[in-house]
Amino acid sequence: MKPETRLALIHIVGPEHVLEAREDLLCYAYDASPIAMDPAHLPCMVLFPANAEEVSRIVGLANDAGFVIYPRGAGSNVSGGSIPDRDAVVMVLSRMNRILEIDQANMTADLEPGVITEQFQTAVEKLGLFYPPDPSSKAFSTMGGNVAECAGGPRGAKYGVTRDYVLALEVVMPTGEIIHTGARTMKSVAGLDLTRLMVGSEGTLGIITRITVRLLALPAAKKTLMAIFPDLEKPSQTVAKIFTAGMVPTTMELLDKTFINAIEDYRQIGLPREAEAILLIEVDGEAESVDRQADRIAEICHQQGATRTQVAKDAAEAEELWIARRSAFASVCRIKPNIIGEDATVPRAAIPQAVREVQAIAARHNLTIGVMGHAGDGNLHPSILADERDADEMRRVELAVEEIFRSFLALRGTLSGEHGIGRMKSRFLHLETGEAGLKVMRSIKRALDPNNILNPTIGLGA
Ligand SMILES: Cc1cc2nc3c(=O)[nH]c(=O)nc-3n(C[C@H](O)[C@H](O)[C@H](O)COP(=O)(O)OP(=O)(O)OC[C@H]3O[C@@H](n4cnc5c(N)ncnc54)[C@H](O)[C@@H]3O)c2cc1C
């Protein structure tokens, strides 16, 4: 980067909001994906803009001076989405962290992209309102990152994903122009749906600087139950049975023996180590309906072969179970240092077949693949436990990953339910979209970002 460009960038955000020391830059050369930290990904500087105008001026300069920008929230994505190329500029949106308005009457909220998801949820819940999307990373992920990835979470079974709550966005386009998409109304068909185009675009089409979301009323009551199964097949079948019986649980999380034992080693909360699998289920609604739903679901679980069901006795015990579930990824890191956690997703009724495929792939390649995930919406996270120092094991991991993708696609699934494509899956994207579909995506990218300056490594830039 030319010295005058560097000085202009420092001038835009102020010198106290720039990082350039190598040890600082290293912290922005990786994310939560298994891609190892590598000097090849060292950015030349990290900028922390304060508002959309600063973002716009930086983007304008990128077009003039020809540098690449990687937008970044908390860097918690697991698909390699915020790992920069060498000498790129990383733009962290964490200073833009204000909740601007919570409109109780219209049940909407306006916020900046750097707001931490859980902090936003806590703020609206104090007012009796509810923002359902709950990635397990909610304690540290940002709302901007959630929108850019279309994050999901355990509650997706009943409440959907981030996309279902975003009404409007302010976006700095790759040209530097600031646009406002969508509307604050519950419905709007004014022109093309640019909000939907931006949600899940992984920082490739624009930088989100303001978000308007819709909110729900906070459910009056909820109940958590755990169903314990003697194999992995039975809970997989139970999921579809519960929905076809007309029940809509808030969450239905599947954990296999590998995860149960890893979590128990880590937190000692009394998970059944002897179980081959458990379903963690939550229902919400009015107090009486919650009891009825829990009883009916427990009955279905028993009919499907659960050896035991157990209802959390109070909110504290339920929260303990959910904290344990959220620590699932962290827990298995104690078994092997590298976790390749996929999120290929299948239609709900195909979960049993998907689980069988994963087990066969693990056996074929002599790998440990733990199975957990948001079973209520078919979003499994087959997690390969590996050690990157073992070259032969990593070769087998590569083969297994591709086989998982191909088999889930054959079940009419998708490469990613919520984690995005990132660097990790970009070479597989054509398997799902086809060459013609990919061509359309690339032409949208070219039309909006002719100089390919925004997050160019996610497979849309070519
Ligand atoms: C332990 C753990 C559990 C997780 N559980 C879940 C889960 O249950 N569900 C789920 O969906 N994900 C989960 N994730 C993944 C991750 O937390 C989500 O993808 C999250 O949405 C990323 O938010 P972030 O702020 O960290 O964004 P980052 O990782 O910084 O960025 C993600 C992508 O968004 C782009 N981006 C970030 N901010 C902006 C912006 N303002 N404008 C435009 N582009 C932007 C980046 O360029 C990048 O492509 C988990 C991760 C971890 C580590």
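Residues numbered from 1 in each chain as written. Predicted model: local features only at pLDDT ≥ 70, side-chain atom pairs only at ≥ 80, totals over all residues.

### Brief notes about the site of the ligand
Consideration 1: Among the 36 residues in the neighbourhood of the ligand, the closest are listed as Gly73, Gly81, Gly144, Gly145 and Gly203.
Consideration 2: Of all elements in the fold, only strand E3 (69–72), helix H5 (143–149) and strand E10 (207–214) reach the threshold of two or more residues within the shell around the ligand.
Consideration 3: Considering each element in turn, the shell around the ligand owes the most residues, five residues, to H5.
Consideration 4: Two domains each provide a minimum of three residues to the shell around the ligand, namely domain 1 (3–92) and domain 2 (99–217). (Near = placed C-beta within 6 Å. Helix = DSSP H or I, 4+ residues; strand = E, 2+ residues; numbered from the N terminus. Domains from an automatic or database assignment.)

### A few points about the environment of Ser141
Consideration 1: Residue placement: Ser141 occurs in the loop between strand E7 (129–130) and H5.
Consideration 2: On a C-alpha basis, the gap between Ser141 and Val115 in space is 8.5 Å, while along the polypeptide they are 26 residues apart.
Consideration 3: Non-local contacts of Ser141, meaning those with residues more than four positions away in its chain, are made with Gly73, Ala74, Ser76, Thr117, Pro135, Asn146 and Ala151. (Contact = placed C-beta atoms within 7 Å.)

### Section: the domain arrangement of the chain
Consideration 1: Annotation of the chain at the domain level lists domain 1 (3–92), domain 2 (99–217), domain 3 (221–330) and domain 4 (336–452).
Consideration 2: If you average the C-alpha positions of domain 2 and of domain 4, the two centres end up 26 Å apart.
Consideration 3: Domain 2 puts 13 residues into the contact, and the matching count from domain 4 is 13 residues.
Consideration 4: In the side of domain 2 that touches domain 4, the residues fall into eight nonpolar, three polar and two charged. (Nonpolar A, V, L, I, M, F, W, Y, C, P; charged D, E, K, R; others polar.)

### What about the packing of helix H13 (residues 351–364) against helix H14 (residues 391–410)?
Consideration 1: The contact between H13 and H14 brings their axes to 10 Å, and the two run at 160°. With respect to each other, H13 and H14 are oriented roughly antiparallel. Here the hand of the crossing between H13 and H14 comes out right-handed. Packed against H13, whose contacting residues are Ala354, Glu357, Val358 and Ile361, the element H14 presents Ala400, Glu403, Ile404, Ser407 and Phe408 at the interface.
Consideration 2: When its residues are assigned to classes, the contact of H13 with H14 shows six nonpolar, one polar and two charged. (Axes fitted to C-alpha atoms, helices over the stretch in contact; angles between N-to-C directions. Parallel < 35°, antiparallel > 145°, perpendicular 65-115°, else oblique. Left-handed = near helix turned anticlockwise from the far one by under 90°.)

### Side note on helix H10 (residues 287–303)
Consideration 1: With 17 residues, H10 extends 25 Å between its outermost C-alpha atoms, agreeing within 8% with the 24 Å of an ideal straight helix rising 1.5 Å per residue.
Consideration 2: Along H10, the positions that sit buried rather than exposed are Gln293, Ala294, Ile297 and Cys301. Buried residues of H10, seen end-on, are gathered within an arc of 100° and therefore sit on one face of the element. Along H10, the residues that are exposed and aim more than 90 degrees away from the buried face are Glu288 and Gln303.
Consideration 3: Next to the buried residues of H10 lie strand E12 (221–229), helix H8 (233–244), strand E14 (277–285) and strand E15 (308–311).
Consideration 4: Looking one or two residues past H10, Gly305 carries a phi angle of roughly 110°, positive in sign. (Expected span 1.5 Å × (residues − 1). Buried ≥ 20, exposed ≤ 12 C-beta atoms within 10 Å, placed from the backbone. Arc of directions from axis to C-beta.)

### Comments concerning the pairing of strand E17 (residues 368–374)
Consideration 1: Within E17, six of the seven residues are buried, leaving the element largely enclosed by the surrounding structure.
Consideration 2: Bridge count between strand E13 (residues 251–256) and E17: three bridges; the pairing is antiparallel. Note on E17: the bridge partner recorded for Glu253 is His374.
Consideration 3: Pairing of E17 with strand E18 (residues 379–386) involves seven bridges; the strand directions are antiparallel. Directly across from Thr368, in E18, lies its bridge partner Leu385. (Pairing = 2+ DSSP bridges.)

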